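# Architecture at a glance
These are the residues of each chain, in order.
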Amino acid sequence: MSDSTTPSTTEALGAVLDEHLRWIGQWQRAVFYRDGRGGERSSAPASFEAWCQAARRDDLLQQPAVQKLANLHEQMHRQARLILLKASGGELPTETEYEGVIGRFEEFMLHLRRMERAFAAAASGLDPLTGLRTRRGMGEALEREHNRYRRTGQPFCVALCDIDKFKGINDSYGHDIGDRVLAATAAVISRGVRSFDEAFRMGGEEFLVCLKETGLDEGYAVIERLRVDLMRSPVMLPDGRVVPVTASFGLVEAVADLTVDDLVVCADRALYQAKNSGRNRVIRYGIDRPEQKPVTVKAGRG
């Protein structure tokens with residue numbers, strides 16, 4: 001979900017949930033006891049349209065999860081209206097028709113609750129998929145560490161991590177499996193750093209790690225261990241298939257003449273070098289210069 005999610009969008013989800021809990025009871029009473037007449041609220045609560053308008057302001061309507069929720073909402077209410085129309089003519093729904101609406105309602109509510117939790121996590125600065133912090137607050141955290149470095153001289157390192165050939169994983173296995181790979185990578189990172197280090201999901205398949213009180217040699221040892229741990233932790237699928245996972249890393253140590261933005265740029269350059277040199281490796285900015293393979297086109301991340 002987008003980090004630009006506003007509180008109004010998140011709060012509106014709660015109103016949708018509450019209103020639909022009331023709606024399902026009103027709809028059932030209208031069908032079975034009032035010949036399809038239960039007032040406007042029994043046919044179409046207005047809260048979801050209000051939420052869609054808020055989501056549109058936050059550029060969320062193109063998100064697949066939001067589109068799925070909108071489709072479920074439309075299907076549920078279309079079926080519910082047809083049953084109300086039959087009831088107004090004196091015809092009760094069949095069990096199959098009734099269960100169809102109830103099934104859609106339960107699926108809609110389940111998806112709605114999941115999205116409510118996800119938006120709440122996004123608003124708190126946590127990525128709901130990986131549990132890591134998002135870019136929101138990352139710059140602030142790095143600035144705090146950089147200021148401490150300038151005051152005390154205590155070194156720290158910044159590392160960028162990018163999952164190798166992640167698009168191929170999504171294309172081959174689907175986005176649900178891609179999400180599992182992202183969550184598994186985040187878990188390896190979380191286990192592999194100390195409690196006072198900080199890790200962030202930058203977006204997509206890219207992560208940032210801030211290793212505090214750590215010079216370049218020690219930082220390299222930590223990140224190299226992360227790389228190996230990830231390589232040895234393939235994702236197991238329910239059908240028995242195994243998805244191998246590797247990642248490339250760019251590492252830089254803070255120095256006096258580099259700002260926080262400079263550090264991230266340097267780590268990104270080292271990461272690009274790791275990708276361009278064969279992937280599944282750690283490159284220290286300004287130190288490691290492996291031979292680059294000849295290429296005929298500009299290499300991408302991947």
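Residues numbered from 1 in each chain as written. Predicted model: local features only at pLDDT ≥ 70, side-chain atom pairs only at ≥ 80, totals over all residues. Heavy atoms only, no water.

## Structural notes on the environment of P244
- Relative to the helices and strands, P244 is located in the loop between β5 (242–243) and β6 (247–253).
- With relative accessibility at 60%, the residue P244 sits in the exposed group.
- For the pair formed by P244 and S233, sequence separation is 11 residues and the distance between their alpha carbons is 7.6 Å.
- Once residues lying within four places of it in the same chain are set aside, the contact partners of P244 are I169 and P234. (Helix = DSSP H or I, 4+ residues; strand = E, 2+ residues; numbered from the N terminus. Buried < 20%, exposed > 50% of the residue type's maximum accessible area, 1.4 Å probe, protein only. Contact = heavy atoms within 4.5 Å.)

## What about helix α6 (residues 166–173)?
- Residues F166, I169 and N170 constitute the buried set of α6. In a view along the axis of α6, the buried residues occupy a sector of 95°, so they form one face of it. Counted as exposed and oriented over 90 degrees from the buried face of α6: K167, D171 and S172.
- Downstream of α6 by one or two residues, G174 has phi in the positive range, about 100°. (Arc of directions from axis to C-beta.)

## Observations regarding the nonpolar core
- Core analysis: the biggest nonpolar cluster contains 31 residues, and V181, F207 and I223 have the highest contact counts within it.
- Top contributing element to this core by residue count: helix α7 (residues 175–192), with six residues.
- Judged by nonpolar contacts, the second largest core, of 29 residues, contains I24, L72, I83 and L84. (Core = buried A, V, L, I, M, F, W, Y, C linked by side-chain atoms within 4.5 Å.)

## Details of the confidence of the model for the chain
- Per-chain confidence: the chain averages 85 in pLDDT, with 86% of residues scoring 70 or above.
- Note that pLDDT drops below 50 for residues 1–7; the model gives that stretch 19 contacts with residues more than four away or on any other chain.
- Predicted confidence is poor over residues 291–299, with pLDDT under 50, and the contacts of this stretch with residues over four places away or in other chains come to 10 contacts. (pLDDT = per-residue confidence, 0-100.)

## Let's talk about the packing of α7 against helix α8 (residues 216–231)
- Running from N to C, α7 and α8 cross one another at 140°; their axes reach a closest spacing of 10 Å. Between α7 and α8, the interaxial angle falls into the category oblique. Classified by chirality, the crossing of α8 by α7 is right-handed. Taken together, the residues of α8 that come into contact with α7 (itself represented by T185, V188, I189 and G192) are V222, R225, L226, D229 and L230.
- Split into classes, the residues belonging to the contact of α7 with α8 amount to five nonpolar, two polar and two charged. (Axes fitted to C-alpha atoms, helices over the stretch in contact; angles between N-to-C directions. Parallel < 35°, antiparallel > 145°, perpendicular 65-115°, else oblique. Left-handed = near helix turned anticlockwise from the far one by under 90°. Nonpolar A, V, L, I, M, F, W, Y, C, P; charged D, E, K, R; others polar.)

## Considerations on a nonpolar patch on the surface
- A cluster of nonpolar side chains, namely F32, Y33 and L92, defines an oily patch on the protein surface of about 370 Å² accessible area.
- As for its position among the elements, F32 is in helix α1 (residues 7–33).
- Residue classification places F32 among the partly exposed positions, given a relative accessible area of 37%. (Patch = residues over 30% accessible without salt bridge, like charges linked within 9 Å, V, L, I, M, F, W, Y side chains within 5 Å. Areas by Shrake-Rupley, 256 points an atom, 1.4 Å probe, with all protein chains shown as cover. Salt bridge = Lys/Arg side-chain N within 4 Å of Asp/Glu carboxyl O.)

## Topic: the packing of helix α5 (residues 138–152) against helix α9 (residues 260–276)
- Here α5 crosses α9 at 110°, and the two axes come no closer than 9 Å. Considered as vectors, α5 and α9 are oriented roughly perpendicular to each other. Each of L142, E143 and H146 in α5 lies in contact with α9, whose residues at this interface are V260, L263 and V264.
- Of the residues contributing to the contact of α5 with α9, the split by class is four nonpolar, one polar and one charged.

## Considering the pairing of strand β3 (residues 206–212)
- Burial of β3 is extensive: seven of the seven residues sit out of reach of the surface.
- Residues E206, L208, C210 and K212 line one face of β3 and the alternating positions F207, V209 and L211 line the opposite face, and both faces are buried.
- Two elements, strand β2 (residues 198–203) and β3, share five bridges in a ladder whose sense is antiparallel. Each bridged residue has a counterpart across the sheet, and for A199 the counterpart in β3 is V209.
- With antiparallel pairing between neighbouring strands as the criterion, β2 and β3 make up a hairpin whose turn holds two residues, including G204 at a positive phi of roughly 60°. (Pairing = 2+ DSSP bridges.)

## A few points about the pairing of β6
- Counting buried positions over the seven residues of β6 gives six, a clear majority of the element.
- Sheet analysis places strand β1 (residues 156–163) next to β6, joined by seven bridges and oriented antiparallel. By the bridge assignment, I163 is partnered in β6 with A247.
- Examined bridge by bridge, β6 and strand β7 (residues 282–284) share three bridges and lie parallel to one another.

## A word on the side chain of H146
- Following the sequence through the fold, H146 ends up in helix α5.
- For H146, a relative accessible area of 4% translates into the label buried.
- Filtering out sequence-adjacent residues up to four positions away, H146 remains in contact with F156, V255, L258, T259, V260 and L263.

## Some remarks on the pattern of salt bridges
- Following the criterion strictly, the structure yields 18 salt bridges and no others.
- Put simply, E74 and R78 hold a salt bridge, and the shortest N to O gap is 2.5 Å. You can see E74 and its partner R78 sitting in helix α3 (residues 64–88), four residues apart, about one turn around the helix.
- Of the residues examined, E74 reaches a relative accessible area of 37% and is grouped as partly exposed.
- Among the residues examined, R78 registers a relative accessible area of 37% and is labelled partly exposed.
- A salt bridge links D239 to R241; the nearest nitrogen and oxygen atoms lie 2.7 Å apart.
- Classification of R241 as partly exposed rests on a relative accessible area of 41%.
- Among the ionic contacts, a cluster of salt bridges with common partners joins K86, E91 and E97.

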